[in-house]
Amino acid sequence: MQTVDIVKWIATAIQLVGYGMTGLNMTPWNVYAFFVGIFLWFAVGVMWKDKAIMVVHVGAFISLFAGYLNAA
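Residues numbered from 1 in each chain as written. Predicted model: local features only at pLDDT ≥ 70, side-chain atom pairs only at ≥ 80, totals over all residues. Heavy atoms only, no water.

*Asks:* Report on the pattern of salt bridges, specifying residues and quantitative values.
*Replies:* Going through the model one piece at a time under the given rule, you end up with 1 salt bridge. With its nearest N and O atoms 3.5 Å apart, the salt bridge here joins Asp5 to Lys8. Of the two residues, Asp5 and Lys8 both sit in helix α1 (residues 3-23), 3 residues apart, roughly one turn of that helix. Judged by its relative accessible area of 22%, Asp5 is partly exposed. (Salt bridge = Lys/Arg side-chain N within 4 Å of Asp/Glu carboxyl O. Helix = DSSP H or I, 4+ residues; strand = E, 2+ residues; numbered from the N terminus. Buried < 20%, exposed > 50% of the residue type's maximum accessible area, 1.4 Å probe, protein only.)

Structure representation (structure tokens):
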């Protein structure tokens, strides 16, 4: 298994944990999980040289970070 495959499956698992935490109203821990997942998926985009994956995760980071700051 390639490094990128390991990173993408770890990122996917962390994102799913974040969704579960959101459903259980476990804030702000869900946000922290999403930040880690977003970072890892961005890294996958870099490894694949896939600009679409990078852009969508930069957008997700900005949206999540703005919401996090607004809630504080």
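Resuming the write-up.
*Asks:* I'd love a proper account of the packing of α1 against helix α2 (residues 29-48), names of residues and values included.
*Replies:* Where α1 meets α2, the axes come as close as 8 Å, and the angle between the chain directions of the two elements is 155°. Classified by the angle their axes make, α1 and α2 are roughly antiparallel. The interaxial crossing formed by α1 with α2 has left-handed handedness. Here Val4, Val7, Lys8, Ile10, Ala11, Thr12, Ile14, Gln15, Gly18, Tyr19, Met21 and Thr22 of α1 come into contact with α2, specifically with Trp29, Asn30, Ala33, Phe34, Val36, Gly37, Ile38, Leu40, Trp41, Val44, Met47 and Trp48. Residues that form the contact of α1 with α2 fall into these classes: 17 nonpolar, 6 polar and 1 charged. (Axes fitted to C-alpha atoms, helices over the stretch in contact; angles between N-to-C directions. Parallel < 35°, antiparallel > 145°, perpendicular 65-115°, else oblique. Left-handed = near helix turned anticlockwise from the far one by under 90°. Contact = heavy atoms within 4.5 Å. Nonpolar A, V, L, I, M, F, W, Y, C, P; charged D, E, K, R; others polar.)

*Asks:* I'd like to hear about α2, residue by residue, with values.
*Replies:* The end-to-end C-alpha distance of α2 is 29 Å, a good match for the 28 Å that 20 residues give at a rise of 1.5 Å each. All of the buried residues along α2 are Asn30, Val31, Ala33, Phe34, Phe35, Gly37, Ile38, Leu40, Trp41, Ala43, Val44 and Gly45. Those residues of α2 that are buried are in contact with α1 and α3 (51-71). Lys49 sits one or two residues past α2 and shows a positive phi near 55°. (Expected span 1.5 Å × (residues − 1).)

Everything listed here is a matter of geometry and, on its own, says nothing about what the molecule does.
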